[in-house]
Amino acid sequence: MATEEQRDGVRLTNLDQALYEGAGATKRDLVDYLDAVSDRLVPVLAGRALSVVRARPGQPPFMQKNLPAYAPETIATLEVPTQDGRRVVHYPVCDSRETLLWFANQRSVEYHPTLFRGHDAGAPTHLVLDIDPPAGEDAFGAAVAGALLVRQALADAGLEALAKTSGAKGVHVVVPLAPGTTSADAAAATRALAERAERLDPVLATTAFVIEERHGKVFIDATRAGGATLAAAYSPRCRPEVPVSYPLPWDELADASPRDFTIRTLPALLDGRDPWSELMPEPQALDADLVAEGQEIPVARVAAMHAGKRRAAQRRAEPPEA
């Protein structure tokens, strides 16, 4: 079999190489998968600033945000200043099969778009809660249990969501938002929903941002807001056997396993369907009381940072042991 070929004018090289250590797949497997799902994945990525995780030979996987200078001129970019204003990130935009194939040839395994389109960070299209279970034999089962708590909290707020495997051990719960929803309101609602889900079963779930404070519970992550990204539906992940983030009906989630959805198995499982579009509820407006409740909840990262500073100050103030 040839180790080089062209598709849609894109030169594909070293196709027989192992994708990364432990992948159980070659670069060709990645290219073939992304090509097979391009008509589903590209619409998820189009118009959004994109970060990718690449797996180059002999190196650990790494996240890349800036489009390389050697990239084709046909790939669009979004120029976004960093928070400190000292530099500009030239994020790529993947809006065609040709662009996706170019990324595949660059050994880009994971695809993480923003939750908003273009430069409009103040207008998110989705609200996301990331369910992260503790390590263990039934980590995914614990994540599903946490996701069901979030679903109940959403239902209590009059909202519907789609669930998808993260491609690792967790679950992503995604709510499409009505036009006009601000990033501040979406972030506040996300915090309120996480705390409401935690209150439904505080033995199972926690919103503690610091790992040491979770005590083996399922973490309901409410920090996927603002400029955060999310592994896209149909994106592969850099894990053994190259699993894929896959949308599922709620009534099938508990019986699923992330190992069922890989770059080798997914094209046949899809069988012409697009569950990301088919299962996604209609865009929804956020309840004003939910937003108001979330506005009173500190941002988890900021609260954890301040708590860490307080603990450090207390340690410095303690007298030395005799």
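Data block above holds the structure.
Bear in mind that the values here come from a model prediction, so they are computed numbers and not experimental data. (Residues numbered from 1 in each chain as written. Predicted model: local features only at pLDDT ≥ 70, side-chain atom pairs only at ≥ 80, totals over all residues. Heavy atoms only, no water.)

## Remarks on the overall build of the protein
Thinking step 1. Looking only at helices and strands, the protein features 10 helices and 13 strands.
Thinking step 2. Over its C-alpha atoms the protein spans a radius of gyration of 21 Å, differing by no more than 12% from the 20 Å that the globule rule assigns to 322 residues.
Thinking step 3. Oriented by its inertia axes, the alpha-carbon framework of the protein measures out at about 65 × 50 × 40 Å.
Thinking step 4. Here the contacts in the protein between residues at least 6 apart in sequence split such that 71% fall between residues at least 24 apart.
Thinking step 5. Summing over all exposed atoms, the protein offers an accessible surface of approximately 15600 Å²; the carbon and sulfur share of this is 51%.
Thinking step 6. Where the 34 positive side-chain charges of the protein centre and where its 44 negative ones centre are 6 Å apart. (Helix = DSSP H or I, 4+ residues; strand = E, 2+ residues; numbered from the N terminus. Rg over C-alpha atoms; globule rule 2.2 N^0.38 Å. Contact = heavy atoms within 4.5 Å. Areas by Shrake-Rupley, 256 points an atom, 1.4 Å probe, with all protein chains shown as cover. Lys, Arg positive; Asp, Glu negative; His and termini not counted. Charge placed at Lys NZ, Arg CZ, Asp CG, Glu CD.)

## A word on the packing of aromatic side chains
Thinking step 1. Per the stated rule, a full pass over the model turns up 5 aromatic pairs.
Thinking step 2. Taking the centre distance of 6.3 Å and the plane angle of 90° together, the rings of Phe 103 and Tyr 111 count as edge-to-face. Just as Phe 103 is buried, Tyr 111 falls in that class too.
Thinking step 3. Arranged with centres 4.7 Å apart and planes meeting at 35°, the rings of Tyr 246 and Phe 261 form a pair that is tilted. Of this pair, Tyr 246 sits in the loop between β12 (218-221) and β13 (247-248) while Phe 261 sits in the loop between α6 (250-253) and α7 (266-270), and the two are 15 residues apart along the sequence. When sorted by exposure, Tyr 246 lands in the same class as Phe 261, which is buried.
Thinking step 4. Aromatic rings pair up to connect Tyr 70, Trp 102, Phe 103 and Tyr 111 into one cluster. (Phe/Tyr/Trp six-rings, centres within 6.5 Å; stacked < 30°, edge-to-face > 60°. Buried < 20%, exposed > 50% of the residue type's maximum accessible area, 1.4 Å probe, protein only.)

## Some remarks on the pairing of strand β6 (residues 88-92)
Thinking step 1. When strand β5 (residues 77-81) meets β6, the two strands line up antiparallel, connected through 5 bridges. Bridge assignment links Pro 81 to a residue of β6, and that residue is Val 88.
Thinking step 2. The hairpin formed by β5 and β6 contains 6 residues between the paired strands, and Gly 85 there has a positive phi angle of roughly 75°. (Pairing = 2+ DSSP bridges.)

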